[in-house]
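One letter stands for each residue in the lines below.
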Amino acid sequence: MILDKIIVDEEVFLSPVQQGDEDALVEHLQDKEIHDNTCVIPFPHTYQHAQEWIETVQKRIKERGITLDWAIRISEEKLIGCISFHGHNLSCMEVVKHTDEIGYWLARPYRGKGITTKVVKKVCEIGFEQLGLVRIEAPVFAFNDASLKVLEKVGFQLEGIQRKCYFKNGKFIDGKMYALVK
Ligand SMILES: CC(C)(COP(=O)(O)OP(=O)(O)OC[C@H]1O[C@@H](n2cnc3c(N)ncnc32)[C@H](O)[C@@H]1OP(=O)(O)O)[C@@H](O)C(=O)NCCC(=O)NCCS
């Protein structure tokens, strides 16, 4: 199972992050808000960071035999964002094999058009129907109102506040744990 092209709507589709995406990654990830709202995306984002991310994705595909890191694309294959399952369900722990976690970002010019809401909804359908998931988690920095809104629109429920769960940019940040269950 590769899951290498997922149609979201007539304009938007998902496919693996791949060679050729470097320039788009470097361009979009100069937006510091993406770094500030996520755990591991480097800033400033260099060509080498982009290459390393593409290599990581391609290595994961080989190891897992499945794509769980997609580029969000519009016409002519243009990358405008990314969404991943983090692969927790591939962990060796039997008790959590039915769960996974999602993470995503969308380039600033494309925001506010409902694209991420549609993409998250689609990826969750794939998770439940094709990956055997029963629970999908989305841990979010508590201040990230746009992301909370996306999750609520898809049907995720707030399960709790994770006090001082993260330390980033020199300060502790509360988390909000959202989850969608089948
Ligand atoms: C979060 C993010 C992916 C949302 O992408 P998007 O495609 O603009 O999302 P959508 O258009 O589907 O929905 C966004 C919703 O949030 C609302 N919103 C946007 N900014 C907001 C803000 N600052 N406060 C409250 N609501 C906000 C929008 O109005 C919209 O709701 P509506 O449809 O009811 O009007 C995008 O802002 C982003 O990439 N941010 C930086 C990285 C990030 O935060 N990633 C998520 C980490 S958990």
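Residues numbered from 1 in each chain as written. Predicted model: local features only at pLDDT ≥ 70, side-chain atom pairs only at ≥ 80, totals over all residues.

> Explain the site of the ligand to me, and be specific about the residues and the numbers.
The immediate surroundings of the ligand are formed by 21 residues, with Asn37, Arg111, Thr116, Thr117 and Asp145 found nearest. Looking at the shell around the ligand, the elements that each hand over two or more residues are helix 2 (32-37), strand 5 (99-106), helix 4 (115-129) and helix 5 (145-154). No other element matches helix 5, which puts 5 residues into the shell around the ligand. (Near = placed C-beta within 6 Å. Helix = DSSP H or I, 4+ residues; strand = E, 2+ residues; numbered from the N terminus.)

> I'd like a description of the pairing of strand 6 (residues 135-141), backed by residues and values.
Along strand 6, the buried face is formed by Ile136, Ala138 and Val140; none of Arg135, Glu137, Pro139 and Phe141, which line the opposite face, is buried. Two elements, strand 5 and strand 6, share 3 bridges in a ladder whose sense is parallel. Opposite Thr99, over in strand 6, you have Arg135 as the bridge partner. Read as a crossover between parallel neighbours, the route from strand 5 over helix 4 to strand 6 is right-handed. Here strand 6 pairs with strand 8 (residues 171-181) via 7 bridges, running antiparallel. Of the residues in strand 8, the one forming a bridge with Ile136 is Leu180. (Buried ≥ 20, exposed ≤ 12 C-beta atoms within 10 Å, placed from the backbone. Pairing = 2+ DSSP bridges. Right-handed = clockwise from strand over helix to strand, strands pointing away.)

> Describe helix 4, and please don't skip the residues or the numbers.
The terminal C-alpha atoms of helix 4, which comprises 15 residues, lie 21 Å apart, in line with the 21 Å expected from a rise of 1.5 Å per residue. Here helix 4 has its buried residues at Ile115, Thr116, Val119, Val120, Lys122, Val123, Cys124 and Gly127. (Expected span 1.5 Å × (residues − 1).)

> Let's hear about the sheet that holds strand 8: which residues, and what values?
As summarised here, the arrangement of the 8 strands in space is 1-2-3-4-5-6-8-7, forming an open sheet in which the pairing is mixed. One side of each edge strand has no neighbouring strand; the edge strands of this open sheet are strand 1 (6-7) and strand 7 (157-168). Of the pairings in the sheet, the one linking strand 3 (residues 69-74) to strand 4 (residues 78-85) comprises 6 bridges and is antiparallel in character. Pairing of Ala71 across the sheet is with Cys82, part of strand 4. In the packing of helix 4 onto the sheet, the strands contacted are strand 1, strand 2 (13-16), strand 3, strand 4, strand 5, strand 6 and strand 8, and the crossing angle to strand 5 comes to about 155°. Sitting on the sheet, helix 5 is in contact with strand 6 and strand 8, with an inclination near 155° to strand 6. (Contact = placed C-beta atoms within 7 Å. Axes fitted to C-alpha atoms, helices over the stretch in contact; angles between N-to-C directions.)

> Describe in detail the packing of helix 4 against helix 5, supporting the description with residues and values.
At a minimum axis distance of 9 Å, the contact between helix 4 and helix 5 shows a crossing angle of 50°. One element, helix 4, and the other, helix 5, form an angle in the oblique class. At the point where helix 4 passes helix 5, the crossing takes the right-handed sense. Taking contact as the criterion, the partners of Thr116, Thr117, Val120, Lys121 and Cys124 in helix 4 are, on helix 5, Val150, Lys153 and Val154. Per-class residue counts for the contact of helix 4 with helix 5 are 4 nonpolar, 2 polar and 2 charged. (Parallel < 35°, antiparallel > 145°, perpendicular 65-115°, else oblique. Left-handed = near helix turned anticlockwise from the far one by under 90°. Nonpolar A, V, L, I, M, F, W, Y, C, P; charged D, E, K, R; others polar.)

> A description of helix 5 should follow, citing residues and the corresponding values.
For helix 5, the full list of buried residues reads Ser147, Val150, Leu151 and Val154. Taken down its axis, helix 5 places every buried residue within 95° of arc, on the same side. In this structure, helix 5 carries Asp145 and Lys149 as exposed residues pointing more than 90 degrees from its buried face. Positive backbone phi, approximately 110°, marks Gly155, located one or two places after helix 5. (Arc of directions from axis to C-beta.)

Just distances and angles here, no functional claims.
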